[in-house]
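# Architecture at a glance
Each chain is listed here by its residues.
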Amino acid sequence: MSTWLWIALPLLFVVGLFVGALKDTKQIERSVKKNRDKMNLKDWDTEESKKDDWGVPPGSYHPNDENKKKEDDKNKD
């Protein structure tokens, strides 16, 4: 009988974990369906088609050029 306890108790624990996880997922699905209109959902087709604009095109920014432009502007005044 002792060996059955060593086998059955951990199995019951694992089965309990799975049952609890299933209940939680069902509860989450219900709350998502209920509150779907309050969520800010994105249309991923349009999100993927948008171009990422990071401001400066690659290779066009040189910090030394910025300093030269500022010095040239000061000299013109």
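Calculation rules
Residues numbered from 1 in each chain as written. Predicted model: local features only at pLDDT ≥ 70, side-chain atom pairs only at ≥ 80, totals over all residues. Heavy atoms only, no water. Helix = DSSP H or I, 4+ residues; strand = E, 2+ residues; numbered from the N terminus. Buried < 20%, exposed > 50% of the residue type's maximum accessible area, 1.4 Å probe, protein only. Areas by Shrake-Rupley, 256 points an atom, 1.4 Å probe, with all protein chains shown as cover. pLDDT = per-residue confidence, 0-100. Patch = residues over 30% accessible without salt bridge, like charges linked within 9 Å, V, L, I, M, F, W, Y side chains within 5 Å. Salt bridge = Lys/Arg side-chain N within 4 Å of Asp/Glu carboxyl O.

Let us look at the overall build of the protein chain. The helix and strand tally for the protein chain stands at three helices and zero strands. When its helices and strands are written in sequence order, the protein chain yields α-α-α. Taking all 77 residues of the protein chain together, the buried fraction comes to 0%. Accessible surface computed for the protein chain: about 8,300 Å², of which carbon and sulfur atoms make up 59%.

Our focus in this paragraph is the confidence of the model for the protein chain. Averaged over all residues, the pLDDT of the protein chain equals 78, while 60% of them reach at least 70. Ranking the elements of the protein chain by mean pLDDT puts helix H3 (residues 63-76) last, at 60, and helix H1 (residues 2-34) first, at 93.

The grouping of Met1, Leu5, Leu9 and Leu12 at the surface amounts to a nonpolar patch, some 490 Å² of accessible area in total. Structurally, Met1 is set in the segment before H1.

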